[in-house]
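Fold and geometry: a report
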Amino acid sequence: MSSMIMAHNMRARISLKNKVFALYLSVLLFFALFPPLYLSVSGSTHLIMGVPLPIIYWLSIAVFLGIGLWVMYLAECAFGEIPEDEEQS
């Protein structure tokens, strides 16, 4: 396979990765900024492991954001987008 075709395939996979990650972040942004979703749980007195439901709502958004960034880092490492560290002497 020629290097031009391989480069095109790599760009297509990177473009798909960026679109998927942008969609994932958009969904998290929607959950964080769409008031009816938060207002539906904000008055709740339910406790989950001793933590009120509204705090669980915000913590879950933060956890999913962290997981998404970790997966994005792993994907970029797999595609070779992150350069290797060079030792300074």
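Placed above this text is the structure.
Residues numbered from 1 in each chain as written. Predicted model: local features only at pLDDT ≥ 70, side-chain atom pairs only at ≥ 80, totals over all residues. Heavy atoms only, no water.

1. Observations regarding the packing of aromatic side chains
For any pair of aromatic rings, geometry is given as the distance between the ring centres together with the angle between the planes. Counted according to the given criterion, the structure contains three aromatic pairs. Put simply, the rings of F30, F31 and F34 touch in pairs and so form one group of aromatic residues. (Phe/Tyr/Trp six-rings, centres within 6.5 Å; stacked < 30°, edge-to-face > 60°.)

2. Topic: a nonpolar patch on the surface
A grouping of Y24, L25, V63, F64, L65, I67, L69, W70, V71, Y73 and L74 is seen on the molecular surface, where their side chains present a nonpolar patch of about 1000 Å² in accessible area. It is helix α3 (residues 53-79) that contributes the most residues to the nonpolar patch, nine residues altogether. Structurally, Y73 is set in helix α3. (Patch = residues over 30% accessible without salt bridge, like charges linked within 9 Å, V, L, I, M, F, W, Y side chains within 5 Å. Areas by Shrake-Rupley, 256 points an atom, 1.4 Å probe, with all protein chains shown as cover. Salt bridge = Lys/Arg side-chain N within 4 Å of Asp/Glu carboxyl O. Helix = DSSP H or I, 4+ residues; strand = E, 2+ residues; numbered from the N terminus.)

3. Structural notes on the environment of S44
On the secondary structure map, S44 appears in the loop between α2 (35-42) and β1 (47-48). Taking the C-alpha atoms as reference points, S44 and P54, separated by ten residues in sequence, lie 7.3 Å from one another. Apart from the residues lying within four places of it in its own chain, the contact partners of S44 are L53 and P54. (Contact = heavy atoms within 4.5 Å.)

4. Quick look at the packing of α2 against α3
Between α2 and α3, the least distance of the axes is 8 Å, while the angle of their chain directions is 145 degrees. Contacts from L37, Y38, V41 and S42 of α2 reach α3 at L53, P54, Y57 and W58. Taken together, the residues that form the contact of α2 with α3 break down as seven nonpolar, one polar and no charged. (Axes fitted to C-alpha atoms, helices over the stretch in contact; angles between N-to-C directions. Nonpolar A, V, L, I, M, F, W, Y, C, P; charged D, E, K, R; others polar.)

Purely geometric stuff here, so don't read any function into it on its own.
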